[in-house]
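A look at the structure
Listed below, chain by chain, are the residues.
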Amino acid sequence: MKAGVRHHVALSVVGTERLQDSGYFRAKLAQESLIKASPIPYTLVRATQFFEFIRTIADISMVDGAVRLPHTLFQPMAAQDVAAAVAEAALAAPVNGMREVGGPAPVHLDDMIAKVLAFDKDPRRVITDPAASYYGIKVDDRSLVPGPDARLGSTTIDWWLANVPPPPKK
C-alpha cells in the first residue's frame, strides 16, 4: 500500500491446486497465497495453457523418438485472449478472488498436439500413452480444464494456426 498499489493483478494457471506434484505449480500456489494474504486488493487470473506453448509441449514430451502424451482433456487458448482477460481484470474493480479463463472448447491433449504438428508438417509421431506425463506430472481430465464459470476466449486453434506464424526454426 505504501507504493500506491491499489489493485494487484496476477496471472496464474488453471488447475494449480490440482497439480501440486510439480515444483512450478507449488510455487504458483505459494505466489497466490502471498497475494491473498496481502492487504492489497487483488484479482488472480488463472488461464489455461496457451496455444503458443503447444510446440514446446511436443518438444518436452519426446520419448524414444516420438511425442508421448496422455489422452486427457485440455482447453488451450490464444495468448491474445489471455492478455485481454488480464487487461480486463486490471481495468475492473478488484474481486479479491480468482477468475478462470480458458480456450473456446475442451480437446484432447494428444489430438491437439498432433494437429499442430501436422499443420507444421512436422514428421514427429504422436503416441497416445496413458502413462505419459505432462511437464513431468500425471494429469487427468480435470487437471487442465477450467471450471464451469470460466470465461472462454474466442480464438480457435484453426484461426490461430492460419494467422499466427510459428516461431523460427532453430
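So, a few notes on the structure that sits alongside this text. (Residues numbered from 1 in each chain as written. Predicted model: local features only at pLDDT ≥ 70, side-chain atom pairs only at ≥ 80, totals over all residues. Heavy atoms only, no water.)

Describing helix H3 (residues 79–91)
- Taking 1.5 Å per residue as the helical rise, H3 with its 13 residues ought to reach 18 Å, and the 18 Å between its terminal C-alpha atoms agrees with that figure.
- Among all positions in H3, only Asp 81, Val 82, Ala 85 and Ala 89 are buried. Down the axis of H3, the sector holding all buried residues measures 105°, keeping them to one side.
- Next to the buried residues of H3 lie strand E1 (8–13), strand E2 (42–47) and strand E6 (97–102). (Helix = DSSP H or I, 4+ residues; strand = E, 2+ residues; numbered from the N terminus. Expected span 1.5 Å × (residues − 1). Buried < 20%, exposed > 50% of the residue type's maximum accessible area, 1.4 Å probe, protein only. Arc of directions from axis to C-beta. Contact = heavy atoms within 4.5 Å.)

Some points on the sheet that holds strand E4 (residues 66–69)
- Read across the open sheet, the three strands follow the order E3-E4-E8; overall the sheet is mixed. Strands at the two margins of the open sheet, each flanked by one partner only, are strand E3 (62–63) and strand E8 (126–128).
- Bridge count between E4 and E8: three bridges; the pairing is parallel. Counterpart to Val 67 in the pairing with E8 is Val 126. (Pairing = 2+ DSSP bridges.)

Looking at the side chain of Thr 43
- Note on placement: Thr 43 falls in strand E2.
- A distance of 2.8 Å separates a polar atom in the side chain of Thr 43 from a polar atom in the side chain of His 7. (Polar contact = N/O pair within 3.5 Å; in protein donor to acceptor, adjacent residues only side chain to side chain.)

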